[in-house]
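A structural walkthrough
Below are the chains, spelled out letter by letter.
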Amino acid sequence: LPLWERLKRRIVDGERKGLEADLDEALAQRPALEIINDVLLDGMKTVGVLFGSGEMQLPFVLQSAEVMKNAVAYLEPHMERLEGDGKGRIVLATVKGDVHDIGKNLVDIILSNNGYEVVNLGIKQPVSAILEAAEDKKADVIGMSGLLVKSTVVMKENLEEMNVRGISEKYPVLLGGAALTRAYVEQDLADLFQGEVRYARDAFEGLRLMDAFMA
Ligand code: B1M
């Protein structure tokens, strides 16, 4: 197989052996970010389709996710750091009940490489932990990720909790993850939230919105 097809297959098949050699070859031709966006994420998309249609079972999805994580970790030091630190601080978490973190961690990498300080709390974070961290770390923005349909409900509850605590205007909120839609966030959630809440389709939109929040 040609290199790009081979790399994509590695994600789909969860085949880690020889990954680094392929990534080295890829890095000689394209920037790390492009490899992630155009090749590896394409593989994850295929995994999602196969899993959704029942053609792929969960343990294999887990293997694919592991290879994806290894690949991103290998590529990360090769990514360009575009600006210095100190542009602002975001507390980032995958919400309660949700273990998906590949997208959240990509957001972390993109923001960190572009001058933001990211406090990455990890997965399955209850709203209390997110809000405590925002307070402790003096966050400028709160970012929540979630891929399950039920996570979209959790995010709504989290925003309601911020309203109840009277801190909605203190922290603009950035939301992302495959189960969300722009309309749900920027119409439904924005209607009930007393502060500012925005939807990011991908990590780059996350970066643009962070820049807008901090402007
Ligand atoms: Co799961 N899973 N999974 N899974 N999994 C999905 C989400 C699913 C759509 C698959 C499917 O059915 N086709 C489906 C959800 C269905 C639904 O809710 N209606 C699903 C399911 C059902 C499940 C389980 C319930 C399966 C089970 O146990 N029976 C279970 C859930 C457990 C739980 O959370 N409690 C489960 C488990 C897993 C694995 C552990 C095996 C693994 C995750 C490993 C890990 O993350 N460490 C996994 C995977 C890999 C997937 C799919 C195949 C791929 C997700 C992924 O990493 N994509 C996924 C299919 C899909 O998404 N269509 C699926 C790549 C990643 C880069 O994309 O996270 O969307 P994404 O991030 C994007 C943007 O969304 C955005 O930026 C990123 C790109 O730049 N973004 C943000 C994300 N967060 C952001 C935050 C921001 C800004 C942008 O600001 C704060």
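Quick note: structure is the one above.
Since this is a predicted model, take the numbers as computed values, not measurements. (Residues numbered from 1 in each chain as written. Predicted model: local features only at pLDDT ≥ 70, side-chain atom pairs only at ≥ 80, totals over all residues. Heavy atoms only, no water.)

Here the focus is the pairing of strand 3 (residues 141-145). Of all 5 residues in strand 3, 5 are buried; the element is thus mostly enclosed. Where burial is concerned, the two faces of strand 3 agree: the one with Val141, Gly143 and Ser145 and the one with Ile142 and Met144 are both buried. Across 5 bridges, the pairing between strand 1 (residues 88-95) and strand 3 is parallel. Paired with Leu92 across the strands is Gly143, a residue of strand 3. Here strand 3 pairs with strand 4 (residues 173-176) via 4 bridges, running parallel. The residue of strand 4 that forms the bridge with Gly143 is Leu174. Read from strand 3 through helix 7 (residues 149-165) to strand 4, the crossover connection turns out right-handed. (Buried < 20%, exposed > 50% of the residue type's maximum accessible area, 1.4 Å probe, protein only. Helix = DSSP H or I, 4+ residues; strand = E, 2+ residues; numbered from the N terminus. Pairing = 2+ DSSP bridges. Right-handed = clockwise from strand over helix to strand, strands pointing away.)

What follows is about the pairing of strand 1. Of all the 8 residues making up strand 1, 7 are buried; the element is thus mostly covered by neighbouring parts of the structure. Pairing between strand 1 and strand 2 (residues 116-125): 7 bridges, direction parallel. Bridge pairing in strand 2 places Leu92 opposite Asn120. In the classification by handedness, the crossover that spans strand 1, the intervening helix 5 (residues 102-112) and the parallel strand 2 is right-handed.

Moving on, we come to the environment of Ser151. Mapping Ser151 onto the fold places it in helix 7. By relative accessible area, Ser151 is classed as buried at 1%. Put simply, Ser151 and Ala179 are 28 residues apart on the chain and 7.9 Å apart in space, counted from C-alpha to C-alpha. Each residue touching Ser151, except ones within four places of it in the same chain, is listed here: Val95, Asp98 and Gly146. A polar contact is formed between the side chain of Ser151 and the side chain of Asp98, at a distance of 2.7 Å. (Contact = heavy atoms within 4.5 Å. Polar contact = N/O pair within 3.5 Å; in protein donor to acceptor, adjacent residues only side chain to side chain.)

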